[in-house]
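# Overview (structure and organization)
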Amino acid sequence: MFPGAGPGKEVVIRARATTPDTKTVEVSFTQNDGFTWGTNLPLRAEWTETRIPLSELKFFSHWRKDGTQPPAGGLDVRKLQRITLFYGIWLCRDSADRPHGFEVSSIRIVGRGK
(Lines give C-alpha, C1' and ligand atoms only; values in the text may rest on other atoms or scores of the structure.)
Protein backbone atom coordinates (compact mmCIF):
# COMPACT_ATOMS: atom_id res chain seq x y z
CA MET A 1 0.00 0.00 0.00
CA PHE A 2 2.87 2.40 0.78
CA PRO A 3 5.90 1.42 -1.32
CA GLY A 4 7.38 4.94 -1.19
CA ALA A 5 6.93 5.37 2.56
CA GLY A 6 10.49 4.63 3.59
CA PRO A 7 11.35 2.36 6.48
CA GLY A 8 9.55 4.23 9.29
CA LYS A 9 10.74 4.44 12.89
CA GLU A 10 7.61 4.63 15.02
CA VAL A 11 3.85 4.48 14.94
CA VAL A 12 1.88 7.28 16.60
CA ILE A 13 -1.68 6.50 17.65
CA ARG A 14 -4.09 9.07 19.06
CA ALA A 15 -6.84 7.28 20.97
CA ARG A 16 -8.96 7.25 24.11
CA ALA A 17 -11.15 4.92 26.14
CA THR A 18 -14.88 5.69 26.07
CA THR A 19 -15.70 3.63 29.14
CA PRO A 20 -13.94 3.46 32.54
CA ASP A 21 -13.14 -0.26 32.29
CA THR A 22 -11.37 -0.05 28.93
CA LYS A 23 -7.66 0.12 29.70
CA THR A 24 -6.03 -1.24 26.54
CA VAL A 25 -6.64 -2.31 22.95
CA GLU A 26 -4.52 -4.61 20.80
CA VAL A 27 -3.20 -3.09 17.58
CA SER A 28 -1.64 -5.14 14.78
CA PHE A 29 0.09 -4.34 11.50
CA THR A 30 -0.06 -6.90 8.70
CA GLN A 31 2.20 -6.84 5.66
CA ASN A 32 1.16 -7.99 2.18
CA ASP A 33 3.13 -11.21 2.77
CA GLY A 34 0.94 -12.03 5.80
CA PHE A 35 3.53 -11.35 8.49
CA THR A 36 1.96 -9.47 11.40
CA TRP A 37 3.41 -7.43 14.26
CA GLY A 38 1.57 -5.79 17.13
CA THR A 39 1.31 -4.64 20.70
CA ASN A 40 -1.18 -3.63 23.36
CA LEU A 41 -1.96 0.07 23.34
CA PRO A 42 -2.71 1.57 26.77
CA LEU A 43 -5.80 3.79 26.89
CA ARG A 44 -7.00 6.61 29.14
CA ALA A 45 -10.25 8.59 29.22
CA GLU A 46 -8.61 11.65 27.67
CA TRP A 47 -7.27 11.74 24.13
CA THR A 48 -3.65 10.58 24.27
CA GLU A 49 -1.01 10.34 21.58
CA THR A 50 1.11 7.22 22.12
CA ARG A 51 4.41 6.75 20.29
CA ILE A 52 5.53 3.16 19.75
CA PRO A 53 8.93 2.46 18.17
CA LEU A 54 8.49 -0.08 15.37
CA SER A 55 11.37 -2.04 16.90
CA GLU A 56 9.18 -2.68 19.98
CA LEU A 57 6.37 -4.35 18.02
CA LYS A 58 6.21 -8.10 18.62
CA PHE A 59 5.96 -10.63 15.80
CA PHE A 60 2.56 -12.33 16.10
CA SER A 61 3.70 -15.88 15.37
CA HIS A 62 0.29 -17.22 16.49
CA TRP A 63 -1.16 -15.71 13.29
CA ARG A 64 1.10 -17.92 11.14
CA LYS A 65 -0.31 -21.44 11.05
CA ASP A 66 2.56 -22.64 8.84
CA GLY A 67 5.28 -21.65 11.35
CA THR A 68 7.09 -19.44 8.84
CA GLN A 69 9.32 -16.83 10.45
CA PRO A 70 9.59 -13.28 9.09
CA PRO A 71 12.74 -11.87 7.53
CA ALA A 72 15.03 -9.95 9.87
CA GLY A 73 14.25 -6.31 10.53
CA GLY A 74 10.67 -6.39 11.78
CA LEU A 75 7.71 -4.59 10.26
CA ASP A 76 8.33 -3.09 6.81
CA VAL A 77 5.78 -0.28 6.45
CA ARG A 78 6.31 -0.23 2.68
CA LYS A 79 4.55 -3.62 2.66
CA LEU A 80 1.80 -2.61 5.09
CA GLN A 81 -1.58 -3.97 4.02
CA ARG A 82 -3.78 -3.78 7.11
CA ILE A 83 -3.94 -2.14 10.53
CA THR A 84 -6.31 -3.89 12.93
CA LEU A 85 -7.53 -2.90 16.38
CA PHE A 86 -8.81 -5.75 18.53
CA TYR A 87 -10.65 -5.92 21.77
CA GLY A 88 -11.43 -9.12 23.59
CA ILE A 89 -11.62 -10.97 26.87
CA TRP A 90 -7.83 -11.47 26.98
CA LEU A 91 -7.61 -7.70 27.58
CA CYS A 92 -10.35 -7.38 30.22
CA ARG A 93 -10.68 -10.61 32.18
CA ASP A 94 -11.66 -8.76 35.38
CA SER A 95 -14.26 -6.54 33.72
CA ALA A 96 -15.64 -8.63 30.86
CA ASP A 97 -19.18 -8.27 32.19
CA ARG A 98 -19.12 -4.46 31.84
CA PRO A 99 -19.33 -2.17 28.77
CA HIS A 100 -16.13 -1.39 26.87
CA GLY A 101 -15.27 1.01 24.10
CA PHE A 102 -12.55 3.11 22.53
CA GLU A 103 -12.09 5.72 19.81
CA VAL A 104 -9.12 6.31 17.51
CA SER A 105 -8.67 9.65 15.77
CA SER A 106 -5.40 8.96 13.95
CA ILE A 107 -2.70 6.40 13.23
CA ARG A 108 0.48 7.49 11.51
CA ILE A 109 3.92 6.12 10.89
CA VAL A 110 6.80 8.57 11.10
CA GLY A 111 10.56 8.65 10.81
CA ARG A 112 12.90 9.50 13.66
CA GLY A 113 12.68 13.04 14.97
CA LYS A 114 9.25 13.86 13.54
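Residues numbered from 1 in each chain as written. Predicted model: local features only at pLDDT ≥ 70, side-chain atom pairs only at ≥ 80, totals over all residues. Heavy atoms only, no water.

Below, the discussion takes up the sheet that holds strand β5 (residues 58-59). Reading across from one edge, β5-β3-β2-β6 is the order of the four strands in this open sheet, with antiparallel pairing throughout. Here the strands that pair on one side only, and so sit at the sheet edges, are β5 and β6 (80-86). (Pairing = 2+ DSSP bridges. Helix = DSSP H or I, 4+ residues; strand = E, 2+ residues; numbered from the N terminus.)

With respect to the secondary-structure elements, arginine 51 resides in strand β4 (residues 48-53). The exposure class assigned to arginine 51 is partly exposed, which follows from its relative accessible area of 36%. With 39 residues separating them in the primary sequence, arginine 51 and valine 12 have C-alpha atoms 4.5 Å apart. Within the structure, the side chain of arginine 51 is placed 2.6 Å from the side chain of glutamate 10, a separation counted as a polar contact. (Buried < 20%, exposed > 50% of the residue type's maximum accessible area, 1.4 Å probe, protein only. Polar contact = N/O pair within 3.5 Å; in protein donor to acceptor, adjacent residues only side chain to side chain.)

Within this structure, the stated rule accounts for three aromatic pairs. Look at phenylalanine 35 and phenylalanine 59: their rings are 6.0 Å apart centre to centre, the planes differ by 55°, and that puts the pair in the tilted class. Taken as a pair, phenylalanine 35 in the loop between β2 (24-31) and β3 (36-42) and phenylalanine 59 in strand β5 lie far apart in primary sequence, 24 residues in all. Note on tryptophan 37 and phenylalanine 59: the rings are 5.7 Å apart at their centroids and 55° apart in plane angle, and the pair reads as tilted. Remark: phenylalanine 59 occurs in strand β5 and tryptophan 37 occurs in strand β3; sequence separation between them is 22 residues. For tryptophan 37, a relative accessible area of 4% gives the class buried. (Phe/Tyr/Trp six-rings, centres within 6.5 Å; stacked < 30°, edge-to-face > 60°.)

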